[in-house]
Amino acid sequence: MTSILIPVDFLEPRSLTEKLTDFLSHCHLMARIVEYDSPLKRMIAITKWYLSAFHVKPPGVKKPYNPVLGEVYRCNYEMPDGSRTTYFAEQVKHHPPITAVLIENKEKQFELEGWYYPRTKFLGNSAGSIGDGKMKIKLSKFNETYEGTWPDMYARGILIGSLVMEICGKPSIKCAETGYSAEIDFKAKPMIGGDYNVVHVHIKKDKKNILTIYGKWNGQLFIRPHNKKVSGDLLLDTTKELIIPKCTIPEKDQLLNSPAKVWSKVTAAILNNDVEAAAREKTAVEENQRNKVAVREKFNVSYSPSFFTETKDSKGDPFYSFNGRESPEFRSLDSKIGSPDYLKFTSSIRHVDEFAHIDELQV
């Protein structure tokens, strides 16, 4: 959208750092995972939660904003059981674009750390967003860590035919401590016949198939013993599942690098159906980011994320660990948004421009 006007219908008026919160639309399912007394039941519960939120998306084919480097999105979810789930995301790299995420429910001793890189791939009449990255789900109560990967997204019919969004690929969820795993297969619709939005999952114990989950990720999912020709039991009906609303940060408390601040003019233009203004404002955001890159290069200033540290996991692969637990930006979310404790920590947040000291560098 820097030089070509893209129809407003193709733009989703929010950043990827916020869009990933769709993964928490049914976060009460996540909170229930620790209530199950067996490793198999916990694997089923994690898989159920993982599959639950892919149906939450805008109609049609939409693309969110590419976050600017250092962009931070924060929010809370007040759970029906009285616990609280916190979401904290930071754009830790721009080339390649990597978003690091922390999801936590302290009362339930549940933590998810992960990173996501939507790698673009063009295939003639389709455009793909390949889901590179990894997530680690830690259940402290049971000393278990579940490692998961992301599916891929494809926009079909970008040149010929009807536009449709598909989820494809074979992500997995594995727990080394228990030996259980979930091998997930988001199936693409065949050229002739078949259905959209079909998913099959094999729940395994030490590579041996035990259970099968099948159905549509935007409808009903069923579970049955593996290789048994019987009708499965209903595991999840996404059309009827409770959606937990986000508790967002008030505008007056937003960080300077929050998407609400960074993309405000672009969002306003999209909502006003003004594609020319949206293109102009988006170009301004991108030009500002390029200028910051040029300043860093000129003064040999390297960029470091504020809340995540790049590390290596046990396999030597890159990973991003959250380091901001003592920051007021995070501690303000320990309490209900708007509460006295929230206001106390919010008031101590320093809204500092990264380049406020640039004149000192020029001396």
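Refer to the structure above for everything that follows.
Residues numbered from 1 in each chain as written. Predicted model: local features only at pLDDT ≥ 70, side-chain atom pairs only at ≥ 80, totals over all residues. Heavy atoms only, no water.

**Q** Where do I start with the overall build of the chain in this structure?
**A** Looking only at helices and strands, one finds nine helices and 19 strands in the chain. For 363 residues, the compact-globule formula gives about 21 Å, and the C-alpha radius of gyration of the chain, at 21 Å, lands near that figure. In terms of overall dimensions, the chain has a C-alpha envelope of 75 × 50 × 40 Å along the principal axes. Expressed as a percentage of its 363 residues, the buried residues of the chain come to 49%. In the chain, once contacts between residues fewer than 6 apart in sequence are set aside, the share between residues at least 24 apart is 53%. Of the roughly 18,200 Å² that the chain leaves accessible, carbon and sulfur atoms contribute 53%. The positive charge centre, built from 51 side chains, and the negative charge centre, built from 46, are 6 Å apart in the chain. (Helix = DSSP H or I, 4+ residues; strand = E, 2+ residues; numbered from the N terminus. Rg over C-alpha atoms; globule rule 2.2 N^0.38 Å. Buried < 20%, exposed > 50% of the residue type's maximum accessible area, 1.4 Å probe, protein only. Contact = heavy atoms within 4.5 Å. Areas by Shrake-Rupley, 256 points an atom, 1.4 Å probe, with all protein chains shown as cover. Lys, Arg positive; Asp, Glu negative; His and termini not counted. Charge placed at Lys NZ, Arg CZ, Asp CG, Glu CD.)

**Q** Would you mind going over a nonpolar patch on the surface with me for this structure?
**A** Taken together, the side chains of Phe10, Phe122, Ile158, Leu159, Ile160 and Leu163 make up a nonpolar region of the molecular surface, amounting to roughly 640 Å² of accessible area. With respect to the secondary-structure elements, Leu159 resides in the loop between β9 (152–156) and β10 (164–168). (Patch = residues over 30% accessible without salt bridge, like charges linked within 9 Å, V, L, I, M, F, W, Y side chains within 5 Å. Salt bridge = Lys/Arg side-chain N within 4 Å of Asp/Glu carboxyl O.)

**Q** It is not clear to me how helix α5 (residues 264–271) should be interpreted in this structure. Could you clarify?
**A** Every α-helix winds through 3.6 residues per turn, so residues three or four apart in the chain are directed the same way. Among the residues of α5, those classed as buried are Val266, Thr267, Ala269 and Ile270. With its buried residues spanning 160 degrees around the axis, α5 presents them on a single face. Every exposed residue of α5 that faces more than 90 degrees away from the buried side is listed here: Lys265 and Leu271. (Arc of directions from axis to C-beta.)

**Q** I'm lost on the state of the cysteines in this one. Help?
**A** Chemically, a disulfide is nothing more than a covalent bond linking the sulfur atoms of two cysteines. Enumeration over the complete set of coordinates arrives at zero disulfides. No disulfide involves Cys75; its sulfur sits 8.1 Å from that of Cys247, the nearest cysteine. Given the relative accessible area of 0%, Cys75 is considered buried. (Disulfide = S-S within 2.5 Å.)

**Q** Is there a simple way to explain helix α6 (residues 275–298) in this structure?
**A** With 24 residues, α6 ought to run about 34 Å at 1.5 Å a step, and its terminal C-alpha atoms sit 34 Å apart, in line with that. All buried positions along α6 are accounted for by Ala277, Ala278, Ala279, Lys282, Val285, Glu286, Gln289 and Arg296. Elements in contact with the buried residues of α6: β4 (84–94), α4 (259–262) and α5. Immediately beyond the C-terminal end of α6, within one or two residues, lies Asn300, with a positive phi of roughly 55 degrees. (Expected span 1.5 Å × (residues − 1).)

**Q** Can you walk me through the side chain of Glu329 in this structure?
**A** Note on placement: Glu329 falls in helix α7 (residues 328–331). For the buried Glu329, no salt bridge exists, and the shortest N-O distance to an oppositely charged side chain is 6.4 Å, to Arg74. Discounting residues that sit within four places of it in the chain, Glu329 has contacts with Arg74, Phe88, Leu255, Phe307 and Ile349.

**Q** Would you explain the pairing of strand β1 (residues 11–15) in this entry?
**A** Two faces belong to every sheet, and in a regular strand the side chains alternate between them. Counting buried positions along β1 gives four out of five residues, so the element sits mostly inside the fold. Note that β1 and strand β2 (residues 63–65) share two bridges and pair parallel. When the bridges of β2 are listed, Ser15 appears paired with Tyr65. (Pairing = 2+ DSSP bridges.)

**Q** So what exactly am I meant to see when it comes to unusual backbone geometry here?
**A** The phi angle of most residues is negative, glycine excepted, and most peptide bonds adopt the trans form. For the bond running from His95 to Pro96, omega is 0 degrees, close enough to zero to count as cis. With respect to the secondary-structure elements, Pro96 resides in the loop between β4 and β5 (97–105). One non-glycine residue, Asn273, lies in the positive phi region at around 60 degrees. Here Asn273 shows up in the loop between α5 and α6. Take Asn273: its relative accessible area is 60%, and that puts it in the exposed class.

**Q** In this structure, what is going on with the environment of Leu221? I would like to understand it.
**A** If you trace the backbone, Leu221 turns up in strand β15 (residues 220–225). According to the relative accessible area criterion, Leu221 is buried, its value standing at 1%. Excluding residues within four positions of it along the chain, Leu221 makes contact with Leu51, Val199, Ile213, Tyr214, Gly215, Lys216, Asp233, Leu234, Leu235 and Leu236.

**Q** Is there a simple way to explain the packing of α5 against α6 in this structure?
**A** If you want to describe how two helices pack, look at the angle between their axes and the distance between the axes. Between α5 and α6, the shortest axis-to-axis distance is 8 Å and the interhelical angle comes to 165 degrees. Judged on the interaxial angle alone, α6 and α5 are roughly antiparallel. Handedness of the crossing formed by α5 with α6: left-handed. Side by side, α5 and α6 meet where Lys265, Val266, Ala269 and Ile270 of the first sit next to Ala277, Ala278, Glu281, Lys282 and Val285 of the second. Among the residues forming the contact of α5 with α6, the class breakdown is six nonpolar, no polar and three charged. (Axes fitted to C-alpha atoms, helices over the stretch in contact; angles between N-to-C directions. Parallel < 35°, antiparallel > 145°, perpendicular 65-115°, else oblique. Left-handed = near helix turned anticlockwise from the far one by under 90°. Nonpolar A, V, L, I, M, F, W, Y, C, P; charged D, E, K, R; others polar.)

**Q** What's the story with the nonpolar core in this structure? I'm lost.
**A** Within soluble globular proteins, side chains that are nonpolar tend to cluster in buried spots. Ranked by internal contacts, the top residues of the largest apolar core, which has 52 residues, are Trp49, Tyr50, Leu51, Tyr87, Ile137 and Phe186. Take this core: its biggest share by element is seven residues, from helix α3 (residues 39–52). Counting residues in hydrophobic clusters, the runner-up holds 20 residues, among them Val72, Leu102, Tyr117 and Phe330. (Core = buried A, V, L, I, M, F, W, Y, C linked by side-chain atoms within 4.5 Å.)

**Q** Even after reading the chapter, I still don't get the pattern of salt bridges, so can you show me in this structure?
**A** Pairing of side chains with opposite charge becomes possible as their charged atoms draw close. Per the stated rule, a full pass over the model turns up 26 salt bridges. Glu166 serves as the salt-bridge partner of Arg156, at 2.9 Å between the closest nitrogen and oxygen. Here Arg156, found in strand β9, pairs with Glu166, found in strand β10; they are ten residues apart in sequence, far enough to count as distant. Linking Lys187 and Asp185 is a salt bridge whose minimum nitrogen-to-oxygen distance equals 2.9 Å. The network of salt bridges with shared partners includes Glu104, Glu111, Glu113, Lys138 and Arg325.

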